[in-house]
Amino acid sequence: MVIGGLFLGVITLVLTLLVLGLSSPWPAERTVRWIARLSLVAAIGTVVLVGYEIIDLLLGVQSRVHIPVMDFWPANLPEYGLEFTGAPATLDSATISSADIQVTGLSWSTTLLLVAGLLGNGLGAFTVALGMRRLALKINAGEPFAASLRRTGRWVATLLLASSILGPLLYGIGAARASEEALKFTGCSATNISCMDYLPQPGMGIEFSFAGLMSAMGILLVVELVAIGMQKNAENLALKNDLDGLV
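Along each chain, the written sequence defines residue order, and numbers are assigned to residues from 1. At least 70 in pLDDT is required for a residue's local features to be given in this predicted model, at least 80 for side-chain atom pairs to be given and counted, and no such filter applies to totals for whole chains, interfaces and linings, which use all residues. Excluded from the side-chain calculation are hydrogens and water; included are all heavy atoms of the structure.

A. Seen up close, the overall build of the protein chain. The way it works is that DSSP assigns letters per residue, a run of H or I at least four long becomes a helix, a run of E at least two long becomes a strand, and they are numbered from the N terminus. Check the secondary structure of the protein chain and you find 5 helices and 2 strands. Traced from its N-terminal end to its C-terminal end, the protein chain shows the element sequence α-α-β-β-α-α-α. Burial analysis of the protein chain (247 residues in total) assigns 30% to the buried set. Contacts were defined at the residue level, with two residues in contact if any of their heavy atoms lie within 4.5 Å. Residue pairs at least 24 apart in sequence account for 83% of intrachain contacts in the protein chain once pairs closer than 6 positions are excluded. Per-residue accessibility, obtained with a 1.4 Å probe over protein chains only, is compared with the maximum for each type, and a residue is labelled buried under 20%, exposed over 50%, and partly exposed between these values.

Rendered as structure tokens:
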């Protein structure tokens, strides 16, 4: 989906800037400010893209949907004398398992499932972008290890985990229903051929990505490591104060 591709691109750029900024003569403060700005751009871009796709679906006129289909490949039509040549490689076998369609007249239940899936997918991107911006602002304010950031990190990881599961699940169910509604023909007529042999049939498939799951686990791990570090630092500081008091 466009949302996921754009978001991952922005996040990759943000992380690249962070690594390069912290390991280069360029002041770290400037790097962090750019990360805050890019994170805001990612959040706004996610809202715009998700909003555009949702409006497109709700209008119901030539809505764009990515649907699953039964494994399919157009059959040869020897009666028409079709013969393709010139390809540098030999195509031994091929299947089409999904398709991008423009469709009008989807049922409201299918449309709402697709909208819910888009919202779920967008929620993860939006939450991570805002979480990164909050962290960048805290770093600039000299509070990179504030206790509130631990809660923020947990919320971000939880919402990202939920969106990475519910988003694809709801969109996948809606897409399967859209495939059924768009491709479940009750009749077909053609001359000299059986047209049903050359059309894809409705399919069922949910496209899960482990990227969101792994990102959520990574965020939780970093948050807990920072929390443990803060606790150890507080214990060491308390021990030092006690020792200083005995001297």
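Picking up where we left off.
B. Just the nonpolar core, in detail. Of all hydrophobic cores here, the largest spans 16 residues; its most connected members are Leu-57, Val-65, Ile-67, Leu-106, Leu-114 and Tyr-171. When residues of this core are traced back to their parent elements, those giving at least two are α2 (28–59), β1 (63–72), β2 (96–103), α3 (108–140) and α4 (147–183). It is α4 that contributes the most residues to this core, 4 residues altogether. Ignoring anything within four residues of it in the chain, the contact list for Leu-57 reads Ser-63, Arg-64, Val-65, Thr-111, Leu-114, Val-115 and Leu-118. Throughout, nonpolar core names a set of buried Ala, Val, Leu, Ile, Met, Phe, Trp, Tyr and Cys residues whose side chains join them through atoms within 4.5 Å. Val-128, Met-132, Val-156 and Ala-216 belong to the second largest nonpolar core, which has 5 residues in total.

C. A look at a nonpolar patch on the surface. Together, Leu-161, Ile-165, Leu-166, Leu-169, Ile-173, Ile-206 and Phe-208 make up a nonpolar patch on the protein surface, roughly 540 Å² of accessible area in all. For Leu-169, the position within the fold is in helix α4. Residues enter patches when their relative accessible area tops 30% and they take part in no salt bridge; the joining distance is 9 Å for like charges and 5 Å for the nonpolar side chains Val, Leu, Ile, Met, Phe, Trp and Tyr. The accessible surface values rely on the Shrake-Rupley method and a 1.4 Å probe; as for residues, cover is taken only from the protein chains in view. Salt bridges are defined by distance alone: a side-chain nitrogen of Lys or Arg within 4 Å of a carboxyl oxygen of Asp or Glu.

D. Main features of the side chain of Ser-63. Tracing the sequence through the fold places Ser-63 in strand β1. What qualifies as a polar contact is a pair of N or O atoms within 3.5 Å, subject to a donor-acceptor requirement within protein and to the restriction that residues adjacent in sequence count only when both atoms come from side chains. One polar contact links the side chain of Ser-63 to the main-chain carbonyl oxygen of Asp-56, over a distance of 3.0 Å. Beyond its immediate chain neighbours, meaning those up to four positions away, Ser-63 contacts Asp-56, Leu-57, Ile-101, Gln-102 and Val-103.

E. Representation of the side chain of Ser-163 in the model. Structurally, Ser-163 is set in helix α4. Among the polar contacts listed, one links the side chain of Ser-163 to the backbone oxygen of Leu-160, at a separation of 2.9 Å. Contacts of Ser-163, omitting those with residues within four sequence positions, involve Gly-120, Asn-121, Leu-123, Gly-124 and Pro-168.

F. Region of interest: the environment of Met-217. In this structure, Met-217 sits in helix α5 (residues 210–246). By relative accessible area, Met-217 is classed as partly exposed at 47%. As a C-alpha pair, Met-217 and Leu-161 span 56 residues in sequence and 8.3 Å in three-dimensional space.

G. Quick peek at the environment of Thr-46. On the secondary structure map, Thr-46 appears in helix α2. Between the C-alpha atoms of Thr-46 and Gly-124, which are 78 residues apart in sequence, the distance is 9.7 Å.

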